[in-house]
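Spelled out, the chains give:
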Amino acid sequence: MAYKNRLYQILYPNQALVASQLSPEEFARHYLIGSIRHYSGKLVFAEIDVGFRHPYFNIEENLQQMVPHADGTPKRTKFICSYRVMEHMDFNAIQKLFLVTSEAQVLELLPGSYDKAHQPGFLRTYAEVAPLSMLVMSPFTFPEFGRFVTEPGQAKGCPKLFYTQIDLNVDEFLSAFESNPFTQAPFPFLHPSKLRDAILSMKASPEKKTKGLSLFCPLDQISFKRIRHGFMFASQDGFKFFPMPSLKEIEAKNFKFWQGM
């Protein structure tokens, strides 16, 4: 039986360029359920144009090895590269983005234009997903944050970044924390007093552009419901945006995914 060869870029929890003869839904189930390698949590990956080539990746040779097993089942995964994948990826080759719950329910996102209006001076929370992994607070808008992190010579930056904005109203959190010191932080891995101190520090120093909230961003501990706007691939040359549908739209069209968000 002939199978279609595909290229996938795994973005979370690890990073890799992988060849596979599985559909995106089958790939998600294999990663979370079907493989002997144990993993429990969310998965984020992109489908890459199978015609994409870059001298850094040995794609052609690996695709030639994509042969179904003797019993006729497809070749599930063939890892092409696990190092500096994002740095050498062409954003034009990224066709689709897939968000996967821990129960292997899949939401497909397509690229779209970014046309959001931003309130100046508003503190925003960003989850750097790949290749960096941090939770960061910043007054930058969604596109500005990506340009800032990917600036050449940026000490805490990288040439290309995949990230998202997390929905967090800092003023509402401060008000709730002042009223009740036992108020929990909106992130289970972050102590509420640490979040309060970070917010107050940013408010006291308007010239400060970023404040790290967590040295590691465990995306599997952040509900997909808290994704604001969508996901962004950014570099100094441009960006590629994948808008997130509204919760009502997800519930109506992909109820099982909505249940596990």
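The structure presented is a predicted model; accordingly, all values stated were derived computationally and were not measured.

*Asks:* I keep staring at the overall build of the protein and nothing clicks. Help me out?
*Replies:* For the protein, the helix and strand inventory stands at seven helices and 12 strands. The C-alpha radius of gyration of the protein comes to 19 Å, within 12% of the 18 Å expected for a compact globule of 261 residues. For the protein, contacts bridging at least 24 residues in sequence account for 67% of all contacts bridging at least 6. With 29 positive and 25 negative side-chain charges, the protein shows a separation of 2 Å between the mean positions of the two kinds.

*Asks:* It is not clear to me how the state of the cysteines should be interpreted in this structure. Could you clarify?
*Replies:* Linking two cysteines covalently through their sulfur atoms gives a disulfide. The final tally for this structure, using the stated rule, is zero disulfides. In this structure Cys81 is a free cysteine whose sulfur lies 16 Å from that of Cys158, the closest cysteine sulfur available. Since its relative accessible area comes to 13%, Cys81 is described here as buried. Of all cysteine sulfurs, the one in Cys217 lies closest to Cys158, which takes part in no disulfide; the gap is 14 Å. You can call Cys158 buried: its relative accessible area is 10%.

*Asks:* Would you take a moment to explain the sheet that holds strand S11 (residues 227-235) for this structure?
*Replies:* Within a beta sheet, neighbouring strands are joined by backbone hydrogen bonds and run either parallel or antiparallel to one another. On the basis of which strands lie adjacent, the open sheet formed by six strands has the order S10-S8-S7-S9-S11-S12 and antiparallel pairing. Each edge of the open sheet is held by one strand with a lone partner, namely strand S10 (211-214) and strand S12 (238-243). Neighbour-to-neighbour, the strand axes of the sheet open up by a mean angle of 30°, direction not taken into account. Across five bridges, strand S7 (residues 124-130) lies against strand S9 (residues 160-166) in antiparallel orientation. The residue of S9 that forms the bridge with Ala127 is Thr164. Sitting on the sheet, helix H3 (residues 142-149) is in contact with S7, strand S8 (134-138), S9, S11 and S12, with an inclination near 145° to S9.

*Asks:* Where do I start with the pattern of salt bridges in this structure?
*Replies:* Pairs may arise between side chains of opposite charge once their charged atoms sit close together. Under the defined criterion, the tally for this structure stands at eight salt bridges. Put simply, Arg53 and Glu60 hold a salt bridge, and the shortest N to O gap is 2.7 Å.

*Asks:* Would you mind showing me how to read the sheet that holds strand S6 (residues 106-109) here?
*Replies:* Strand order across the open sheet formed by six strands is S4-S2-S1-S3-S5-S6, with antiparallel pairing between neighbours. Whereas interior strands pair on both sides, the edge strands pair on one side only; in this sheet they are strand S4 (78-81) and S6. Direction aside, the axes of adjacent strands within the sheet are offset by 30° on average. Packed onto the sheet, helix H1 (residues 24-34) meets strand S1 (6-12), strand S2 (16-20), strand S3 (43-48), strand S5 (94-100) and S6 and runs at close to 145° relative to S3.

*Asks:* Hey, could you run me through H3 in this one?
*Replies:* Along an α-helix, residues three or four apart share an orientation, since each turn contains 3.6 residues. Of all eight residues in H3, six are buried; the element is thus mostly enclosed. When we look at burial in H3, the residues that qualify are Phe142, Pro143, Phe145, Gly146, Phe148 and Val149. Looking at the buried residues of H3, the elements they touch are S7, S8, S9, S11 and S12.

*Asks:* Just checking my understanding: could you explain the side chain of Lys42 for this structure?
*Replies:* You can see Lys42 is positioned in the loop between H1 and S3. As a buried residue without a salt bridge, Lys42 has its nearest oppositely charged side chain in Asp220, at a separation of 6.8 Å. One polar contact links the side chain of Lys42 to the main-chain carbonyl oxygen of Asp220, over a distance of 3.2 Å. Apart from the residues within four sequence positions on either side, Lys42 is in contact with Tyr12, Pro13, Val100, Leu219, Asp220, Ile222, Ser223, Phe224 and Met261.

*Asks:* Sorry if this is basic, but what is going on with the packing of aromatic side chains here?
*Replies:* Working definition: an aromatic ring pair is given by the centre-to-centre distance plus the angle between the planes. On inspection of all chains with the given rule, the structure shows 24 aromatic pairs. An angle of 55° between the planes, with centres 5.9 Å apart, marks the rings of Phe91 and Phe233 as tilted. Of the two residues, Phe91 sits in the loop between S4 and S5 while Phe233 sits in strand S11, which places them 142 residues apart along the sequence. When sorted by exposure, Phe91 lands in the same class as Phe233, which is buried.

*Asks:* I'm lost on the layout of surface pockets in this one. Help?
*Replies:* Any empty space left between the atoms is revealed when a probe the size of a water molecule rolls over them. A volume near 240 Å³ is recorded for the largest pocket. Forming the walls of the largest pocket are 15 residues, and the residues nearest its centre are Met134, Val136, Lys156, Thr210 and Gly212. Where the lining of the largest pocket is concerned, the elements lending two or more residues are S8, H3 and S10. Residue contributions to the lining of the largest pocket peak at four residues, all from S10. By residue class, the composition of the lining of the largest pocket is seven nonpolar, four polar and four charged.

Rules of the game
- Residues numbered from 1 in each chain as written.
- Predicted model: local features only at pLDDT ≥ 70, side-chain atom pairs only at ≥ 80, totals over all residues.
- Heavy atoms only, no water.
- Helix = DSSP H or I, 4+ residues; strand = E, 2+ residues; numbered from the N terminus.
- Rg over C-alpha atoms; globule rule 2.2 N^0.38 Å.
- Contact = heavy atoms within 4.5 Å.
- Lys, Arg positive; Asp, Glu negative; His and termini not counted.
- Charge placed at Lys NZ, Arg CZ, Asp CG, Glu CD.
- Disulfide = S-S within 2.5 Å.
- Buried < 20%, exposed > 50% of the residue type's maximum accessible area, 1.4 Å probe, protein only.
- Pairing = 2+ DSSP bridges.
- Axes fitted to C-alpha atoms, helices over the stretch in contact; angles between N-to-C directions.
- Salt bridge = Lys/Arg side-chain N within 4 Å of Asp/Glu carboxyl O.
- Polar contact = N/O pair within 3.5 Å; in protein donor to acceptor, adjacent residues only side chain to side chain.
- Phe/Tyr/Trp six-rings, centres within 6.5 Å; stacked < 30°, edge-to-face > 60°.
- 1 Å grid on protein atoms, 1.4 Å probe; cavity = no way out; pocket = protein on both sides within 12 Å on 5 of 7 lines; lining within 4 Å.
- Points joined across faces, edges and corners; volume = space filled by probe spheres on them.
- Nonpolar A, V, L, I, M, F, W, Y, C, P; charged D, E, K, R; others polar.

Functional significance is not addressed by these values, which are geometric in nature.
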